[in-house]
Amino acid sequence: MANPLSTLGIIHTVISLAPFVAGLYGFARYGAIVPGTRSGKLYLAAIILAVLTSAGLSSTGGFNAGHALGIVTLLAIGGSLAAQRLEFFGRLRPYLATLGLSFSYFLLIVPAIAETLKRLPASQPLASGPESPIVQTTLLAWLVIFLAGLSVQAYLIHRRAVVGARAPRSR
């Protein structure tokens, strides 16, 4: 059986595994993707490269939903990094920074779900396209996981702020 992926598709898929793993590691280790850590830096570099390589992929021959997700991903990353530095956001800065990077991870997984279910198993794929019930159900489950994860992250940020405010100040 011929490989259904182009050479660029294979390269993109391999590159996309790096932010997947780095983001997962960041969530497990720090509760978030932290740009200043080694895993955070790897995540940012790899997801940008994954978005760039996706620009050359199109099953429709032109601009498609995957390309739009890539642009939104880059905007989420840029907004997240900017939010950390903009003083006028005040106490919202850590929430916005975390939300932006978590949202970029959410977007990374969306096309992965659709493409994986559309291609595997190779002999008889589980889905025919993004409108397939199994794709829609899996995406809904992924959205619920994402929202639950954001809730936990917001709680952890709040808890750190409260504990930090209670800590005695040294003179």
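Shown above is the structure to which this text applies.
Fair warning: this is a prediction, and the values are worked out from it, not measured in the lab.

**Quick look at the nonpolar core**
Inside soluble globular proteins, nonpolar side chains tend to come together where they are buried.
Step number 1: Counting 21 residues, the largest nonpolar core has Y43, Y105, F106, I109 and W142 as its most contacted members.
Step number 2: At ten residues, helix α4 (residues 93-119) tops the list of elements feeding residues into this core.
Step number 3: Contacts of W142, omitting those with residues within four sequence positions, involve Y105, F106, I109, V110 and I113.

**Looking at the packing of helix α1 (residues 7-30) against helix α2 (residues 38-54)**
Step number 1: Look at α1 against α2: their axes get within 8 Å of each other, and the N-to-C directions meet at 150 degrees. Taken together, the axes of α1 and α2 are roughly antiparallel relative to one another. For the element pair α1 and α2, the recorded crossing hand is left-handed. The segment α1 lies against α2, with L8, H12, I15, S16, A18, P19, A22, G23, Y25, G26 and Y30 engaging S39, L42, Y43, A46, I47, L49, A50, T53 and S54.
Step number 2: Across the contact of α1 with α2, the residue classes break down as 13 nonpolar, seven polar and no charged.

**A word on helix α5 (residues 133-166)**
Along an α-helix, residues three or four apart share an orientation, since each turn contains 3.6 residues.
Step number 1: For α5, spanning 34 residues, the distance from its first C-alpha to its last is 50 Å, which sits close to the expected 50 Å at 1.5 Å a residue.
Step number 2: Buried residues of α5: V135, W142, F146, L150, Q153 and I157, and no others.
Step number 3: Close packing links the buried residues of α5 with α1 and α4.

**A look at the packing of aromatic side chains**
Step number 1: Summed over the entire model, instances satisfying the criterion amount to ten aromatic pairs.
Step number 2: Note on Y43 and Y105: the rings are 6.3 Å apart at their centroids and 35 degrees apart in plane angle, and the pair reads as tilted. Of this pair, Y43 sits in helix α2 while Y105 is found in helix α4, placing the two residues 62 residues apart along the sequence. Neither Y43 nor Y105 differs from the other in exposure class; each is buried.
Step number 3: With 6.3 Å between their ring centres and 55 degrees between their planes, Y105 and W142 make a pair best called tilted. With Y105 in helix α4 and W142 in helix α5, this pair connects stretches of sequence that are 37 residues apart. For the pair Y105 and W142, a shared accessibility class is recorded, and that class is buried.

Reading the values: the criteria
- Residues numbered from 1 in each chain as written.
- Predicted model: local features only at pLDDT ≥ 70, side-chain atom pairs only at ≥ 80, totals over all residues.
- Heavy atoms only, no water.
- Core = buried A, V, L, I, M, F, W, Y, C linked by side-chain atoms within 4.5 Å.
- Buried < 20%, exposed > 50% of the residue type's maximum accessible area, 1.4 Å probe, protein only.
- Helix = DSSP H or I, 4+ residues; strand = E, 2+ residues; numbered from the N terminus.
- Contact = heavy atoms within 4.5 Å.
- Axes fitted to C-alpha atoms, helices over the stretch in contact; angles between N-to-C directions.
- Parallel < 35°, antiparallel > 145°, perpendicular 65-115°, else oblique.
- Left-handed = near helix turned anticlockwise from the far one by under 90°.
- Nonpolar A, V, L, I, M, F, W, Y, C, P; charged D, E, K, R; others polar.
- Expected span 1.5 Å × (residues − 1).
- Phe/Tyr/Trp six-rings, centres within 6.5 Å; stacked < 30°, edge-to-face > 60°.

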